[in-house]
Each structure stands twice: as structure tokens, then as C-alpha cells.
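Listed here are the chains, written in short residue letters.
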Amino acid sequence: MALGNEEKWKAALDCDPAYDGKFFYGVKTTGIFCRPSCKSKTPRRESVTFFNTAAEARDSGLRPCKRCRPDLLGFQPQKEIAEKIKAVYDLYSFDHNPLKEELKKLGLSRNRMSQLFHVQYGKTPVEYLNMLRIDKAKKLLADTQDKILQIALQSGFESLSTFYMQFRRMTSVSPKEYRDSAARKEERE
């Protein structure tokens, strides 16, 4: 069933993402076309034209909105930002100062980063960072004879007490118990 212009207009007014891909609307006064979910300022009804495809809108001389990017098939800015945050953590998780600097470059508040990251990955950036650090510590405990303090520092923890607390919370054993268990396992193999 084809959508009527009034239904399309209501969807555009409501910024309804359920209509994305079903139609696009163009604004003659600005020369821009958008997805129905676009959060840009509501145009005057008499300035709006509806299109079935982005190509039709482009062929009529309109350019794509820079906010909702109707020219891209899968535009998901929040997912892209969460992926950038994760990439920073993956690269700098063991070195505090570069980590802080790279996160600042993203231009987001700590709360906003945490929200976006949690929506995408189901955990906060701090939980993810601790997981990376504990995984590295487990590897070092199993593969080296480094002192536990050295391993804590190499894994990105700034204090031994925080390291012990996080390690026990995530593995249910102390670092020493983990090392002993890994050594016993290696002896059996």
C-alpha cells in the first residue's frame, strides 16, 4: 500500500525512524533532502516535496542532508562513535596519558561516551577497559615470572590494590592463585 502525502508529512514531523527507506523528503527553500527520522528543524509544509528514493531527490537538484545522511545506506553515527571509542581503548588501554588525550580528541563528555559505548557493547568503557587489562594480566601471569606489581603496572593499573580488587572480581581468584593454577595446568600438559 502506497503512503499518502499526509502520512509522510506526519512521519517527518514525528521524526519517525520506522519510515526511513520508505520515502525521503526535500525542502525546496534549502535545497536539501532528508530521511523521515531527521532531527533537523521542521520545514514549512509548503516547502516540502516527497520522493520515493534518494536518487529521485538528487535528480531533482537537491543535496543530501549532512545531519541524517540520506545518501548512505546504513548511516549509524552513534555506532560509528562507539566503534571509535572502542578503537581508542584497544590501542591505548595500558597507557593512561595517551588514552586520556585520545579520548579528549573525540570531543564527547565522559557520560555521553559511556552511554554510546554501553548501547553498542552492553558494558561501560570502564568495564571494557578493565576486561582488556585483566586479560593482559592473566597472560603475563601465565607466561612470565614478573612480579605481580610489575604485571599490574604493565597491564595499565596504577595501584596494586585496584589491580587485586579488579582481578578477583573478574576471575574469582587472586593473581597468585591464578598464576599457580596456570603453572599446574602447564605441568599436566
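The model shown is predicted, which means the values in this text are computed figures rather than measured ones.

Chemist: Looking at this structure, I do not really get the environment of Gly31. What am I missing?
Modeler: With respect to the helices, strands and loops of the structure, Gly31 is situated in the loop between strand S1 (24-27) and strand S2 (32-34). Expressed as a C-alpha distance, the spacing of Gly31 and Cys65, which sit 34 residues apart in the sequence, is 9.2 Å. Filtering out sequence-adjacent residues up to four positions away, Gly31 remains in contact with Leu62 and Arg63.

Chemist: Explanation requested: the nonpolar core in the structure shown.
Modeler: Most often, soluble globular proteins keep nonpolar side chains buried together rather than apart. Grouped together as the largest cluster of nonpolar side chains are 14 residues, with contacts concentrated most on Tyr25, Cys34, Cys38, Phe50 and Cys65. Sort the elements by how many residues they give to this core and helix H1 (residues 5-13) lands first, with 3 residues.

Chemist: Just to check I follow, could you spell out unusual backbone geometry for this structure?
Modeler: With the exception of glycine, most residues fall at negative phi, and the peptide bonds are largely trans. Even without glycine at this site, Arg69 takes up a positive phi of about 45 degrees. One can find Arg69 in the loop between strand S4 (63-64) and helix H3 (77-92). Arg69 sits in the partly exposed class, given a relative accessible area of 29%. For Ser172, which is not glycine, the phi torsion reads 70 degrees and is therefore positive. As for its position among the elements, Ser172 is in the loop between helix H8 (160-171) and helix H9 (175-188).

Chemist: Just checking my understanding: could you explain the packing of H3 against helix H6 (residues 125-143) for this structure?
Modeler: Two quantities define a packed helix pair, namely the angle between the helix axes and the distance between the axes. Running from N to C, H3 and H6 point in directions that differ by 30 degrees, and their axes come no closer than 10 Å. As judged from the angle between their axes, H3 and H6 are roughly parallel. The element H3 and its partner H6 pack so that their crossing is right-handed. Residues Lys86, Tyr89 and Asp90 of H3 pack against Pro125, Tyr128, Leu129 and Leu132 of H6.

Chemist: Just checking my understanding: could you explain the packing of aromatic side chains for this structure?
Modeler: Two numbers describe a pair of aromatic rings. These are the distance of the centres and the angle of the planes. Throughout the structure, instances matching the rule amount to 10 aromatic pairs. Centre to centre, the rings of Tyr89 and Phe117 are 6.3 Å apart; their planes meet at 65 degrees, and the pair counts as edge-to-face. Taken as a pair, Tyr89 in helix H3 and Phe117 in helix H5 (residues 110-121) lie far apart in primary sequence, 28 residues in all. Residue class for Tyr89 comes out buried when judged on its relative accessible area of 8%. For the pair Phe117 and Tyr121, a centre-to-centre distance of 4.8 Å together with 45 degrees between the ring planes defines the contact as tilted.

Chemist: Whenever I open this one, the layout of surface pockets confuses me. Can you help?
Modeler: Take a probe with the size of a water molecule and roll it over the atoms, and the empty space left behind shows itself. Computed from the structure, the largest pocket encloses a volume of approximately 550 Å³. Surrounding the largest pocket, 21 residues form its lining, Tyr89, Leu103, Arg110, Val126 and Leu129 being those nearest its centre. Among the residues making up the lining of the largest pocket, the classes are represented as 9 nonpolar, 7 polar and 5 charged.

Chemist: Honestly, the sheet that holds S1 in this entry has me stumped. Any pointers?
Modeler: Through backbone hydrogen bonds, the strands of a sheet pair up, either in parallel or in antiparallel fashion. Spatially, 4 strands are ordered S3-S1-S2-S4 in an open sheet, and the strand pairing comes out mixed. Since the sheet does not close on itself, it has two edges, and those belong to strand S3 (48-51) and S4, each with one partner.

Chemist: Help me understand the side chain of Ser93 in this model?
Modeler: Topologically, Ser93 is positioned in the loop between H3 and helix H4 (96-105). Leaving out residues up to four positions away in the same chain, Ser93 has contacts with Val88, Leu129, Leu132, Arg133, Ser155 and Gly156.

Rules and cut-offs
- Residues numbered from 1 in each chain as written.
- Predicted model: local features only at pLDDT ≥ 70, side-chain atom pairs only at ≥ 80, totals over all residues.
- Heavy atoms only, no water.
- Helix = DSSP H or I, 4+ residues; strand = E, 2+ residues; numbered from the N terminus.
- Contact = heavy atoms within 4.5 Å.
- Core = buried A, V, L, I, M, F, W, Y, C linked by side-chain atoms within 4.5 Å.
- Buried < 20%, exposed > 50% of the residue type's maximum accessible area, 1.4 Å probe, protein only.
- Axes fitted to C-alpha atoms, helices over the stretch in contact; angles between N-to-C directions.
- Parallel < 35°, antiparallel > 145°, perpendicular 65-115°, else oblique.
- Left-handed = near helix turned anticlockwise from the far one by under 90°.
- Phe/Tyr/Trp six-rings, centres within 6.5 Å; stacked < 30°, edge-to-face > 60°.
- 1 Å grid on protein atoms, 1.4 Å probe; cavity = no way out; pocket = protein on both sides within 12 Å on 5 of 7 lines; lining within 4 Å.
- Points joined across faces, edges and corners; volume = space filled by probe spheres on them.
- Nonpolar A, V, L, I, M, F, W, Y, C, P; charged D, E, K, R; others polar.
- Pairing = 2+ DSSP bridges.

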